[in-house]
Amino acid sequence: MVDGRGGLRPQWRGLLGMMTELGHGELAARGQRLDRAFEEEGVTSLLPGASRHAWRCDPVPLPIPAGEFAVLEAGLIQRARLLECVLADFYGPQRLLADGHLPPALLYANPAFLRPCRTPDGLALDAPAPRQLDCYAADLLRGPSGEWRVLADRTGAPAGLAYVRENRRLLGRILPELYRGAPLRDLRPFFDLWQDALQRPIGPRPHRGTALLSPGTDSPHWFEHMMLAAALSCALVEGRDLALRGGEVFVKTLRGLQPIDRLLRRLDGAAIDPLELDP
């Protein structure tokens, strides 16, 4: 909100003016309405290890100006590309280790490294430019100097996208004054691009289907898995919903086995095949 020199950041001025017009009592009442809306719509917490409870969202948003976001965006794109290349090398030729750029202990001592998945000549997929990362997220914080810094990279199965959508939707309904006239960046294109990427054909044959693989209803992320499956137009499945025939994966349905070409993983890598990957 402030720039470190006691001044107010420009993007906050209009927002604070609107909040002042509402008053503390009305803002608190809107916050309670927001909590009830999350509870009524069944938006539950994604915190692992905690009892399931309604998701909570601060009614005061965090505005980021377009110019500042563009710098963040460029840096995160560069970071995602770097991690993509590093993962492709770790599970492929491992030149970073052979050339001494990274110590082998950094990789082989990491319990998240799935050794059986490594293919020395690269990924054994009949597809152009196969990706290691289908989605990437980062935890950010603003440093004392005002610059953004990456606190953590989320490359396995980053959570939070469905909550971003619900926060935006319910805040717009409960606190429309804060959004009226604000040049907000639309979230829908992100999901459209992701859906298009998941439905891209693998090899010469047409795409036959995508499924989101979830640990099930006991997962603290279950609400998000449901929302993502709907947003990406893919089936929501658990391991017991799948069958393997002739080296291809099928979803069990009342109409019989339906083939799928892609599984969007939303569980730990070792949990995909505990017998092979985590004995």
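Further up the page is the structure itself.
Predicted model, so just to flag it, every value in this text is computed and none were measured.

Draft legend 1. Examining the overall build of the protein more closely. In terms of helices and strands, the protein carries nine helices and eight strands. Over its C-alpha atoms, taken along the principal directions, the protein stretches across nearly 65 × 55 × 35 Å. A separation threshold of at least 6 residues defines the contact pool for the protein, and within that pool the share at least 24 residues apart is 60%. Seen as two clouds, the 34 positive and the 34 negative side-chain charges of the protein have centres 2 Å apart.

Draft legend 2. Expanded view of the packing of aromatic side chains. Here the structure, examined in full by the defined rule, presents six aromatic pairs. Residues F190 and W194 carry aromatic rings whose centres are separated by 5.9 Å and whose planes lie at 55° to one another, so their mutual orientation is tilted. In this pair, F190 and W194 both sit in helix α7 (residues 188-198), four residues apart, roughly one turn of the helix. Overall, the relative accessible area of 5% leaves W194 in the buried class. Here the aromatic cluster, defined as three or more aromatic residues joined through ring pairs, consists of W55, Y163 and F223.

Draft legend 3. A look at the nonpolar core. Counting residues in each nonpolar core, the largest one holds 19 residues, and the members touching the most others are L34 and F38. Elements with a contribution of two residues or more to this core: α1 (10-40), α5 (161-174) and α6 (176-179). Considering every element that reaches this core, the biggest residue donor is α1, with eight residues. Ignoring any residue separated from it by four or fewer positions in sequence, one finds F38 in contact with V43, W55, C57, E166, N167 and L170. Counting 11 residues, the second largest nonpolar core, distinct from the first, contains F191, L228, A231 and C234.

Draft legend 4. Just the pattern of salt bridges, in detail. If you walk through the whole model with that rule in mind, you get 16 salt bridges. A salt bridge links E177 to R30; its shortest N-O distance comes to 2.9 Å. Of this pair, E177 sits in helix α6 while R30 sits in helix α1; the two residues are 147 residues apart in sequence, bridging distant segments of the chain. Across this residue pair, the class does not change: E177 and R30 are buried. The residue R56 makes a salt bridge to D35 at a minimum N-O spacing of 3.0 Å. One end of the pair, R56, is in the loop between α1 and α2 (66-90); the other, D35, is in helix α1, with 21 residues separating them in the sequence. You can call R56 exposed: its relative accessible area is 62%. Several salt bridges converge on common partners, so that one network encompasses E41, E166, R169 and R173.

Draft legend 5. Expanded view of the side chain of D89. Inspection of the secondary structure puts D89 in helix α2. Setting aside chain neighbours within four positions, we find D89 in contact with Q94, R95 and L96.

Draft legend 6. Quick look at the state of the cysteines. Evaluated as defined, the whole model comprises zero disulfides. You can see C85 has no disulfide; the closest cysteine sulfur is in C135, sitting 17 Å from it. The thiol of C234 is not disulfide-bonded; the next cysteine sulfur, from C135, is found 13 Å away. By relative accessible area, C234 is classed as buried at 10%.

Rules of the game
- Residues numbered from 1 in each chain as written.
- Predicted model: local features only at pLDDT ≥ 70, side-chain atom pairs only at ≥ 80, totals over all residues.
- Heavy atoms only, no water.
- Helix = DSSP H or I, 4+ residues; strand = E, 2+ residues; numbered from the N terminus.
- Contact = heavy atoms within 4.5 Å.
- Lys, Arg positive; Asp, Glu negative; His and termini not counted.
- Charge placed at Lys NZ, Arg CZ, Asp CG, Glu CD.
- Phe/Tyr/Trp six-rings, centres within 6.5 Å; stacked < 30°, edge-to-face > 60°.
- Buried < 20%, exposed > 50% of the residue type's maximum accessible area, 1.4 Å probe, protein only.
- Core = buried A, V, L, I, M, F, W, Y, C linked by side-chain atoms within 4.5 Å.
- Salt bridge = Lys/Arg side-chain N within 4 Å of Asp/Glu carboxyl O.
- Disulfide = S-S within 2.5 Å.

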